[in-house]
Structures are given as C-alpha cells and as structure tokens.
Amino acid sequence: MRAIIDLEHPHRAATLDDAAALAVLVNMAGEGMPEYLWGKMAQESGESAWEIGEQRARRETGGFSYRNSVVREENGSVVAGLIAYALAAEPEPGRFDGMPPMFVPLQELEDMVPNTWYVNVLATLPEHRGRGFGGELLRVAEELARANACTGLSLIVADANHGARRLYARSGYEEVATRPMVKEDWDGSGEGWVLMKRAL
C-alpha cells in the first residue's frame, strides 16, 4: 500500500513503532471488542490484552497490521489512524471453519462487497475529534482504493455509532445490509452491524 501513493505530512504510513498507538485506535474503532478478544487470548498466553494487541499490530500480514495502516500526527504524536486494504474478488473457501462466532456476521457482510477497499479501522483520539481528521483519512482511503483499482470502498459500523454513520453518509457511503451482533460477554453498544459502501 505505502509504495502506491505518496502521503503528505501530517499523514504517513505506520511503522512498527506505532504498534501501541494502533492498538488503542483499533480498540476505539471496534467499540472495545478488540480488547475483549485480546483479553481472552491473553488468558492462554499469560500476557496482557494490550501486549497481544500490540503484537498483532506488528504483524507483517493480516488485516490488522501496521503495513495496512496510515496515521495522522500532531506534534509528533499519533492522534488518528486508518487501517484499510483490498477485499478479495472471491471469498476464501473454508473461511468460516473455526471462526469465532463474534466474527461470523462481520465476515458475512464483508463477503457482500468483494474487490472493495475495506476501511477496517477509522479512529481519532477523543481529545482531537471534531477537527476533520476522520474525513481526511477517508479521502486517503479513496486515493488508495483508486490506486489499487478497487470498485469502491466499504466499511462496517455499529448501528449505535450514530456519529460515525453520519460522517460516512456525508462522505458518500450508503447502507447496504445489516447483521445482528454476536456479543458473548462483550458489552459493546448497539445490536447490529451495518455494512456501508461507496462506489468509485
């Protein structure tokens, strides 16, 4: 991703050093579900949930990887971030085998938007919200989608996240489908996931 377009300051491609900041942003965008899942993984490894989150951000492959991430800086600190990548033209066979139930509705929605540039994470630290950083990063995502010859952009948002849904609607995203959340012991807000898409 980072080799295809040139990012201008204050946006830049994330590095391994941004792993801790990315874990925070991922958890914010995921309404606390990432920390819940990392906590379950930590019970087996003896590490903390946040150590697990940082390790996942440092991966070279997979959706949640620093390699798929763009960050927005203010005074040398990461204050907002985008994690996005292309969804395959054809869903991978056997993708539901062994998949945790919480992820099944999310995967079902992703399967509806093949060959789109998938905005997995878009988040701004609370003290920096209202300054347009989310909109800026959505424009970066659009540049990346065009550079990667995707048919459009897609994302999934919690139905209770009205602020994010308004931002996406203003940016040209339309609601396509919904799926009920599978919560287990996660206490996130909302009852369903909403798939939104923007054509290019």
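See the structure printed just above.
Thresholds applied
Residues numbered from 1 in each chain as written. Predicted model: local features only at pLDDT ≥ 70, side-chain atom pairs only at ≥ 80, totals over all residues. Heavy atoms only, no water. Phe/Tyr/Trp six-rings, centres within 6.5 Å; stacked < 30°, edge-to-face > 60°. Helix = DSSP H or I, 4+ residues; strand = E, 2+ residues; numbered from the N terminus. Buried < 20%, exposed > 50% of the residue type's maximum accessible area, 1.4 Å probe, protein only. Lys NZ or Arg CZ within 6 Å of the ring centre and 35° of its normal. Salt bridge = Lys/Arg side-chain N within 4 Å of Asp/Glu carboxyl O.

1. Brief notes about the packing of aromatic side chains
- In the structure shown here, the tally under the stated rule is 5 aromatic pairs.
- With centroids separated by 5.6 Å and ring planes inclined at 70°, the aromatic side chains of Trp38 and Trp50 adopt a geometry described as edge-to-face. Of this pair, Trp38 sits in helix 2 (residues 33–45) while Trp50 sits in helix 3 (residues 49–57), and the two are 12 residues apart along the sequence.
- Residue Trp50 is classed as partly exposed on the basis of its relative accessible area of 29%.
- The interplanar angle of 65° and the centroid separation of 5.8 Å between the aromatic rings of Tyr85 and Tyr118 together place this pair among those described as edge-to-face. Highlighted residues: Tyr85 in strand 3 (residues 77–86) and Tyr118 in strand 4 (residues 116–124), separated in sequence by 33 residues.
- One aromatic cluster is present, formed by Trp38, Trp50 and Phe64 through successive ring pairs.
- Geometry around Trp186 places Lys183 over its ring, the cationic atom sitting 5.9 Å from the centre.

2. A word on the pattern of salt bridges
- One pass over the full model with this rule turns up 13 salt bridges.
- In this structure, the salt-bridge partner of Arg58 is Glu54, at a minimum N-O distance of 3.4 Å.
- The partly exposed category is assigned to Arg58, whose relative accessible area is 39%.
- Of the charged contacts in the structure, one is a salt bridge between Glu142 and Arg146, with a shortest N-O distance of 2.9 Å.

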